[in-house]
Amino acid sequence: MTFGAPFLAALVVCMFSCLGPFSMVDAFGDASVFLNIGEGMHNGKVPYRDLFDHKGPLLYFIHYIGLFFGGRLGVWFMELALMFVTFFFSYRTALLVAGRQPALWGIAAMAATTIGFYQWGDFPEEYGMAFISIAFFLFAGHLLKNEPLTRWKSLAIGACFGAVLLLKPTLFPVWIVFGATIVTLGFIRGKYRDLVFYVVFFFLGTAAVITPFLLYLLLEGAFPDFWEQYVVFNQTYARQGGAIPMKTYLKNFSLFLNRNYIWVMLLAGVGMLVLRFNTRQRPFYIAYVLTGAISLCSISFSPFSFPRYGLVTVPLLVLAWTLLASAALDALGGGPFARRVIPLIAFVGIFNLQIGQFLRWRLIFYPYGANQNYEMHIPLDVVREACAVIRTHAPARSDKITVFGRAASLYYYSGRESVSKYFYQFPIGMNDVNIAKKYEEDVIKGKPKLIVVDKIYESDEILFRKFQLRRDPALGVQQRFLFGRMLPLTDTYFVENGVRQPIPDPENLRKQYRLVWEKPGYVQIYKRNN
């Protein structure tokens, strides 16, 4: 049961992945970007240097390994493996505070909660859960059960910290709060020697994970690009060109507090702190509450409020669900109805609430979902049809194409490479006009055989124009709208203050390409004239 229940929970969650065996949509949005970079690495390309993105390098190696062993399905198995690690260590953490049955209900509720945050899978937050769960288990064992924090455990905690830094640095709260708690307790109790070993081996573990990736980037000449994209660009991206308005922060704070059940974690943590205030467990529950509060604040400081940001709290929520399950089972008595049927009804209730939350974002099994404004998927049958057209009109694997939008999986499925390192344009062009200009320069200079227009992002393209006008009204018209909406091929004008303005076309690209195929609402394919 130690392995069976965590594996079953992981399998249920991963069935909702866009990469899964039952998915009817392509690996779209972020997932398509990661898939394309992993495939590019198999073709000799280097992340950041040859292919632009602003996530951590570990993410691309996960896709590289998955693609090596089984293509798209291989990446899904990597998802499943890391999700199993998450539930396995979460289950072991639950056993530190309750018996086997409450722990099982704890990870069952955790699985139901995860589905609501999951969106469509294949995100850095999802993979980061595995390393958060390992570190949280080791911290909990030390602070709750007084288990010695050996050098190997310190090394593992540091290694997990290094891993999340190479995925997404905003996944840090567990290490910062619990690490500070252990250091503070070490000083108070005078265990200076143990403290020195803990700190040294923690940083050795972090360095052991980070160093190989940094050496790889240095040897491949990609470190300056890595720094520019992962550090500098991410700062601009997080602020969307400016400070986050207090109204947006408070809105996100309220959304995550309720939608992501962080209030359950805070309530359970405070309750246990009161009950255990005069015991050795007090520091753990103080750190637990602080971690939940800091996690809530960190994911709220964003212009976006995607449910997947809440995945950072899932490995910690298992403790709250387990404590609540234990209290409920004790209150209900020992009868089979009370101990089995009633908790099952409660679990189904949580599951249904989370399914409803999930469906509002993406219905994987029915690709024509209700969400029409930002994260639409392309059905797999349309992807296959489009890729067949791409291969027909660009028959050689050396033929370069460009996909305008964010349907980067079309590169992977068609086997054709991008003419530009900026192989997707949204939302990066919304944050950096220079990227938009560099991309168009690559298109003009490289003369791709095909230009594939991702029509799903029409609404985004309109938002892009409004955003640029609002962010920097001093920019000239040509700079603001040169990127536009594949301006040489679709629109010939934009609207500013209710007035039509012509879109500049200095290279006369409209005359160089002709429409050869279209799937209304999804994809347009233009071919360069001979």
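Structure: see above.
A. Structural context of the packing of helix α5 (residues 124–145) against helix α12 (residues 282–300). Between α5 and α12, the shortest axis-to-axis distance is 8 Å and the interhelical angle comes to 145 degrees. Along this stretch, α5 crosses α12, giving a crossing that reads as left-handed. Note on element contacts: α12 touches α5 through F284, Y285 and Y288, opposite F136, A140, L143 and L144.

B. Here's a closer look at the pattern of salt bridges. Applying the stated criterion to the full structure yields ten salt bridges. For E147, the salt bridge identified is with K153, shortest N-O distance 3.6 Å. A residue is classified by how much of its surface remains accessible, and E147, at 30% relative accessible area, is partly exposed. A salt bridge links K421 to D225; its shortest N-O distance comes to 3.6 Å. With K421 in the loop between β2 (417–418) and α17 (428–431) and D225 in helix α9 (residues 223–239), the pair connects residues that are 196 residues apart, well separated along the chain. Judged by relative accessible area, which is 18%, K421 ranks as buried. Classification of D225 as partly exposed rests on a relative accessible area of 23%.

C. Examining helix α7 (residues 173–188) more closely. Helix length check: α7, at 16 residues, gives a terminal C-alpha distance of 22 Å against a target of 22 Å (1.5 Å per residue), a fit within 8%. Among the residues of α7, P173, V174, W175, V177, F178, G179, T181, I182, L185 and G186 are the ones counted as buried. G190 sits one or two positions beyond α7 and adopts a positive phi of about 70 degrees.

D. A look at the environment of A208. Secondary-structure assignment places A208 in helix α8 (residues 192–219). A208 sits 50 residues away from G158 along the chain, and the two C-alpha atoms are 8.7 Å apart.

E. The arrangement of the packing of aromatic side chains in detail. Evaluation of the coordinates by the stated rule reveals 35 aromatic pairs. An angle of 35 degrees between the planes, with centres 5.6 Å apart, marks the rings of F161 and F202 as tilted. Note that F161 is positioned in helix α6 (residues 151–165) and F202 in helix α8, a separation of 41 residues in sequence. The class of F161 is buried, set by a relative accessible area of 14%. Relative to F226, the ring of F223 lies with its centre 5.7 Å away and its plane at 45 degrees, an arrangement referred to as tilted. In this pair, F223 and F226 both sit in helix α9, three residues apart, roughly one turn of the helix. For F223, a relative accessible area of 27% puts it in the partly exposed group. Taken together, the aromatic side chains of F3, F7, F84, F88, F89 and F137 make up a single cluster linked through ring pairs.

F. Main features of the environment of Q101. By the element assignment, Q101 lies in helix α4 (residues 100–118). Residue class for Q101 comes out partly exposed when judged on its relative accessible area of 24%. Each C-alpha atom, one on Q101 and one on S326, is 8.1 Å from the other, the two residues being 225 residues apart in sequence.

G. Quick peek at the pairing of strand β1 (residues 400–404). Among the five residues that make up β1, four are buried, leaving the element largely enclosed by the rest of the structure. Here β1 runs beside β2; their pairing, made up of two bridges, is parallel. Considered in β2, the bridge of I401 is made with S418. Summarising the sheet, β1 and strand β3 (residues 450–454) pair through four bridges and their orientation is parallel. The partner of T402 across the bridge, within β3, is I451.

H. Spotlight on the nonpolar core. Within the largest apolar cluster, 149 residues are counted, with the highest numbers of intra-cluster contacts made by F87, F139, W175 and F284. The element contributing the most residues to this core is helix α3 (residues 57–94), with 15 residues. Non-local contacts of F284, meaning those with residues more than four positions away in its chain, are made with F136, A140, L143, L144, F178 and L319.

I. Inspection of the sheet that holds β1 at higher detail. One open sheet holds the five strands; their spatial order is β2-β1-β3-β7-β6, and the pairing between them is mixed. Each having just a single partner strand, β2 and β6 (513–519) make up the two edges of the open sheet. Examined bridge by bridge, β6 and strand β7 (residues 523–528) share six bridges and lie antiparallel to one another. Residue pairing in the sheet places E518 in a bridge with Q524 of β7.

Thresholds, definitions, all that
Residues numbered from 1 in each chain as written. Predicted model: local features only at pLDDT ≥ 70, side-chain atom pairs only at ≥ 80, totals over all residues. Heavy atoms only, no water. Axes fitted to C-alpha atoms, helices over the stretch in contact; angles between N-to-C directions. Helix = DSSP H or I, 4+ residues; strand = E, 2+ residues; numbered from the N terminus. Left-handed = near helix turned anticlockwise from the far one by under 90°. Contact = heavy atoms within 4.5 Å. Salt bridge = Lys/Arg side-chain N within 4 Å of Asp/Glu carboxyl O. Buried < 20%, exposed > 50% of the residue type's maximum accessible area, 1.4 Å probe, protein only. Expected span 1.5 Å × (residues − 1). Phe/Tyr/Trp six-rings, centres within 6.5 Å; stacked < 30°, edge-to-face > 60°. Pairing = 2+ DSSP bridges. Core = buried A, V, L, I, M, F, W, Y, C linked by side-chain atoms within 4.5 Å.

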